[in-house]
Amino acid sequence: MTVTLGKDLVGLEFLSADQLRLILDTAEPFKEVSERPIKKVPALRGKTIVNLFFEPSTRTRISFEFAEKRLSADTVNVAVSGSSVSKGETLVDTAKNLEAMRIDMVVIRHGASGAAQFLGNRIRSNVINAGDGKHEHPTQGLLDMLTIRDKLGKIEGVNVCLVGDILHSRVARSNLWGLTKLGARVAVCGPRSLLPRGIEQLGVRVFGRIEEAIEWADVLNVLRLQLERMEKGFIPSLREYYRVFGVTMERLERAPRALTIMHPGPMNRGVEIDSRVADGPHSVILDQVTNGVAVRMAVLYLLAGGRPELADAAKGGVE
Amino acid sequence: MARAHPKSTTLLDARALARALQRMALEIIDLADGTDTLVLVGIQRRGVELAERVGRIIEEKEAVKVPRGAIDITLYRDDLELVGPKPVIGETRLPGDLAGKHVVIVDDVLYTGRTVRAALDELADFGRPRRISLCVLVDRGGRELPIQADVVGQTVKVEPGGRVDVLIEELDGRDEVIVVERP
């Protein structure tokens, strides 16, 4: 049976291991496209993609836009400010209006968990989740997995610890679903106030101390500490957080083996991660960014079009 | 697809295939007027293996190095929109800048010409070769585009619906070319 992805990419929770592998394997040849003198292939020529961003994003939006353009799609960016969204138009109305202009795919970032699924169920275009509330950020999870596979040669059996604010993190959730499906062992480490209750029941180890996490892990995925968490009382202070949970050179030097350090960005240097670690030899943070474009190209390629009912008409096409 | 046994015949056995490759190598040397700027580019998958074989023969005969590359044309297909599950994409790697080179595209079977059209478009995105030629092991006729090969191992007329299967040692465990007629 051939593996396919279906119409939308909403999250990694409901993808099979085979579907995850299909995306990661498809991302490999797309890495090379970005190294060509002309960084463009005609695979999505004639497709129109709308990047619908209800939350600010620099990295993810630019990464998607590069991926779309390198596949020759036409792209339109809709940001929340200055659009009719701020005049109270609903999500579905906005999307239906865009669809009336004959678009093919929507990449959506939204503050509400479930927004991508909600939209996908209501429009014909392919929908790709670029982060919805505290739910999932599937392409970030995928690029993290691709980076781990590149660096360590495999995902199965690798010890990955997510560090920091797990409670509010859609990146953590996508990592968790994706990595466990491909056989990695996943742990979390952070202040109790920032860990979801009952997370142990998902088969996830919990480390209360960063030193224990460093001793156990092959990979640390250090999450961004949202500064407003302090204002809301989840942590006492940023300095205190750094003192207890900061990923520092001193701590890594005591590790039994060399760790791979990841961070989804943007980093708070000196809060969750030491600058010397972020720029150090074990950091793959910029590889993650490079892989992000390849993974998004793979997802766009795999979801786009695919009108099998027309396949008969094309018989005898390319040999 | 288990239809009633389609008729299948051997077009080239291992020895005939080896002879065809020898002859193709000589013709490429003639065509390229030497090997100074020659680059062999195989089309994924079997074209890549054939380019490797032909390349080794040329290297033996001429005592030179012949740069080789591989391209996967999937992302340049004109029917990508129409195929169901998306095809797996193979590796593309080209040996440096193609400007000023004589690129010989190598493929196993030439049929509609659409694969070659895609390969020409893709190569153009890697630079501007001085010349591009086409070398195929089997030309089965049935062109849908104005494309023809410069070097051909074997010509055979196969009706639409029939297949030419090229088996090669490295991928299939033996060397053979089989024509499968439509049942």
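Residues numbered from 1 in each chain as written. Chains lettered and ligands numbered in written order. Predicted model: local features only at pLDDT ≥ 70, side-chain atom pairs only at ≥ 80, totals over all residues. Heavy atoms only, no water.

Help me understand the packing of aromatic side chains in this model?
When we look at a pair of aromatic rings, we describe it by the centre distance and by the angle of the planes. This structure, assessed with the given rule, holds three aromatic pairs over all chains. Here the aromatic rings of Phe-207 of chain A and Trp-216 of chain A are separated by 5.5 Å at their centres, their planes lie at 50°, and the arrangement is tilted. When its relative accessible area of 7% is taken as the criterion, Phe-207 of chain A is described as buried. A relative accessible area of 12% places Trp-216 of chain A in the buried class. Each ring, one from Tyr-241 of chain A and one from Phe-245 of chain A, has its centre 5.5 Å from the other, and the planes form 35°; the classification is tilted. Within this pair, Tyr-241 of chain A and its partner Phe-245 of chain A are both found in helix H9 (residues 238–245), separated by four residues, close to a single helical turn. Across the pair, Phe-245 of chain A and Tyr-241 of chain A agree in class, each one buried. In this structure, Arg-296 of chain A is placed above the aromatic ring of Phe-64 of chain A, and the distance from its NZ or CZ to the ring centre is 5.0 Å. A cation sits over an aromatic face here: Arg-140 of chain B above Tyr-111 of chain B, 3.6 Å from the ring centre. (Phe/Tyr/Trp six-rings, centres within 6.5 Å; stacked < 30°, edge-to-face > 60°. Buried < 20%, exposed > 50% of the residue type's maximum accessible area, 1.4 Å probe, protein only. Helix = DSSP H or I, 4+ residues; strand = E, 2+ residues; numbered from the N terminus. Lys NZ or Arg CZ within 6 Å of the ring centre and 35° of its normal.)

It is not clear to me how the sheet that holds strand S2 (residues 74–79) of chain A should be interpreted in this structure. Could you clarify?
Hydrogen bonds between backbone atoms are what pair the strands of a sheet, whose relative direction is either parallel or antiparallel. Residue and element names in this part refer to chain A. If you walk across this open sheet you meet the four strands as S2-S1-S3-S4, and the pairing is parallel. The strands lining the two open edges of the sheet, one partner per strand, are S2 and strand S4 (126–132). If you compare each strand with its neighbour and ignore which way they point, the axes differ by 15° on average. Pairing of strand S1 (residues 48–53) with strand S3 (residues 105–110), which is carried by five bridges, proceeds in the parallel orientation. (Pairing = 2+ DSSP bridges. Axes fitted to C-alpha atoms, helices over the stretch in contact; angles between N-to-C directions.)

Please clarify how the environment of Arg-205 of chain A should be interpreted in this entry.
Residues and elements named next belong to chain A. Within the element layout of this structure, Arg-205 appears in strand S7 (residues 205–207). In this structure, the C-alpha to C-alpha distance between Arg-205 and Arg-185, residues 20 residues apart in sequence, is 8.5 Å. In this view, Arg-205 contacts Val-186, Ala-187, Val-188 and Trp-216; residues no more than four positions away in its chain are not counted. (Contact = heavy atoms within 4.5 Å.)

I tried to follow the interface of chain B and chain A on my own but got confused; where do I start?
By a widespread convention, an interface's size corresponds to the accessible area lost as its parts come together. Taken together, the 28 residues of chain B in the interface contact 29 residues of chain A. Taking both sides of the interface into account, the surface hidden between chain B and chain A amounts to around 2300 Å²; carbon and sulfur atoms contribute 60%. At the boundary of chain B and chain A, one finds two salt bridges. Here Glu-122 of chain B ties to Arg-36 of chain A by a salt bridge, and the two come within 3.0 Å at their closest N and O atoms. Counting every contact that joins chain B to chain A gives six residue pairs in polar contact (both at pLDDT 80 or more). In terms of residues, the side of chain B that touches chain A owes the most to one element, helix H3 (residues 114–124) of chain B, which gives three residues. (Buried area = accessible area lost by both parts, 1.4 Å probe. Salt bridge = Lys/Arg side-chain N within 4 Å of Asp/Glu carboxyl O. Polar contact = N/O pair within 3.5 Å; in protein donor to acceptor, adjacent residues only side chain to side chain.)

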